[in-house]
Amino acid sequence: MKEVTVEVIGVDPPCKRCQATYKNVEEAASTLKAKDIDVKISHMTVQSKDTIAKYGVIVSPALAINNVVKVMGRVPEKKEVERLILATVK
Amino acid sequence: MTEKTRSVRSIIMLIFIFFTVGYLIYSRIMAYSLAPTMKPADFHGLAIWEIPVAYMVDYFSHGWICLLFAFVAAGLIYEFIPKEAITKYMGGNKVTGYGLAIGMAPFLTVCSCTMVPLFAGILYIGAGIGPAMTFLLMAPAANILSILLTGEIISWELAGVRIIVSLVVALTAGIIISKTPWGKAIEKEHQQSSSGTQAAIEIVKPPLDERLWASLKFAGHLGKQILPFFLLGLVAVSYVEAYLPEDIVGTYLTGVTGVLIASVIGGPLYTPTLVEIVLGKGMWELGMSKGALLSWLMGQPYDVANALAVSRIVRWKVVLTYMVIAWAGSVIFGLTYGILSGSL
């Protein structure tokens, strides 16, 4: 079992686009479970200094996989999230 | 998905985009109006329920392409603009900060819910209170949707004046606030916490067909968010045009009083994006002066909802300072434009 952490960075309270991103990541995670990849999803808010200090992301929604920002300022499709995660664990 | 299906999908979407752009150009060549063309007198003799219906049929029969183009353009620009550049350069020197704040405002704020988080982001990343303020004040007037609709529905002259004037006011407010003791205090607070940012960013770009699809989807998302308010606005405007007597508008919305009244009601009255354009057009039709119209349109940055959200990030003193500057700007430039254009 390989482990991957995915952080969904969005505004708080969550806007529609951040929710859509989160849902796509969840769906990708359940698909990847069958391929023996364990995806840990967490939520970060873009309006916090911790997020800015860690990633410098100010345009939401954004996605960080294993502490590297891969998507910024748009909603990634489920397939795209899967591809990104697979590319990371390889 | 194979390469072939990807190219087919891309081509279909590109055809749709070219059709939208082409049709807009065609409508400009044929030079018909993309704005509502009904005059207040046309509403006489219509039943109460017929007024909004007639107005909307009139508007959508020729204005649909303008709306479609505005949303598609906004979606495409938002999707394709490289957002990671902001992170890279925003923390640099002051001039770059102001430049980016101005350059970014038209493209990143089509969705009003992103404005305040972006304001916070600019501040937290260490660009300083000045650029953050400039961005916040510039954004409502300068986003792609409002530029296109101000231009098509009211006039391109006014759209141009609106951008230049908001730029001047936004820059002035940013520079003044960054010099005040309370502005400096907030800047200092945030500068310390954000030093030594070493972010790991490796943006991976998806294939073209997915990007095009995402931008069209975003255009649809914007439409879903904005159009309901826009339609309600059209209903309101149709009644304003039908029932508001022209002599009231002529008395109160012209001259120096007109500018003052317009600047005051344009602010606190929370008008969702784009509605202020149609409402302004309606009042202009009834005899509001151009000077007052400009003041009315410039009222957006200091509306109450925005100020409340911003006051949670910076203190009330800063909010009050920028509201006063923005209000003064809208009065001064409303008067100046009124005098220069001969319509005060």
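As a reminder, the structure under discussion sits directly above these lines.
Residues numbered from 1 in each chain as written. Chains lettered and ligands numbered in written order. Predicted model: local features only at pLDDT ≥ 70, side-chain atom pairs only at ≥ 80, totals over all residues.

Now for the overall build of chain A. Secondary structure assignment for chain A yields 3 helices and 4 strands. Whereas a compact globule of 90 residues would reach a radius of gyration of roughly 12 Å, chain A reaches 12 Å, a difference of no more than 12%. For chain A, the proportion of its 90 residues judged to be buried stands at 47%. For chain A, the proportion of contacts with a sequence separation of at least 24, taken over those separated by at least 6, is 65%. (Helix = DSSP H or I, 4+ residues; strand = E, 2+ residues; numbered from the N terminus. Rg over C-alpha atoms; globule rule 2.2 N^0.38 Å. Buried ≥ 20, exposed ≤ 12 C-beta atoms within 10 Å, placed from the backbone. Contact = placed C-beta atoms within 7 Å.)

So, about the sheet that holds strand S3 (residues 62–65) of chain A. All names here are of chain A. The mixed open sheet is built from 4 strands, whose spatial order is S2-S1-S3-S4. At either end of the open sheet lies a strand with only one pairing partner, and these are strand S2 (37–45) and strand S4 (68–72). Here the strands of the sheet are splayed against their neighbours by 25° on average, with no regard to which way each runs. Of the strands in this sheet, strand S1 (2–10), S2 and S3 are in contact with helix H1 (residues 16–33), which crosses S2 at around 165°. Where helix H3 (residues 78–89) meets the sheet, its contacts fall on S1, S2, S3 and S4, and the angle it forms with S1 comes to roughly 135°. (Pairing = 2+ DSSP bridges. Axes fitted to C-alpha atoms, helices over the stretch in contact; angles between N-to-C directions.)

Residue and element names in this part refer to chain B. Among the nonpolar cores identified, the biggest contains 118 residues, and Ala 70, Phe 119, Ile 122 and Phe 135 are the most heavily contacted of them. The leading source of residues in this core is helix H2 (residues 50–80), at 13 residues. Contacts of Phe 135, omitting those with residues within four sequence positions, involve Ala 101, Met 104, Ala 105, Leu 118, Phe 119 and Ile 122. (Core = buried A, V, L, I, M, F, W, Y, C linked by C-beta atoms within 7 Å.)

This part takes up helix H4 (residues 94–108) of chain B. Helix length check: H4 of chain B, at 15 residues, gives a terminal C-alpha distance of 20 Å against a target of 21 Å (1.5 Å per residue), a fit within 8%. Regarding H4 of chain B, the residues found buried are Gly 97, Tyr 98, Leu 100, Ala 101, Met 104, Ala 105, Pro 106 and Leu 108 of chain B. (Expected span 1.5 Å × (residues − 1).)

The next thing to look at is the packing of H2 of chain B against helix H10 (residues 208–243) of chain B. All names here are of chain B. Packing of H2 against H10 leaves a shortest axis separation of 8 Å and a crossing angle of 150°. Compared by their axis directions, H2 and H10 come out roughly antiparallel. Classified by chirality, the crossing of H10 by H2 is right-handed. Of the residues in the contact of H2 with H10, the class split is 19 nonpolar, 4 polar and 2 charged. (Parallel < 35°, antiparallel > 145°, perpendicular 65-115°, else oblique. Left-handed = near helix turned anticlockwise from the far one by under 90°. Nonpolar A, V, L, I, M, F, W, Y, C, P; charged D, E, K, R; others polar.)

Glancing now at helix H1 (residues 3–29) of chain B. Look at H1 of chain B: 38 Å from first C-alpha to last across 27 residues, which is about the 39 Å you get at 1.5 Å a residue. Phi turns positive, to about 55°, at Ala 31 of chain B, one or two residues after H1 of chain B.

Keep in mind these values describe shape, not function.
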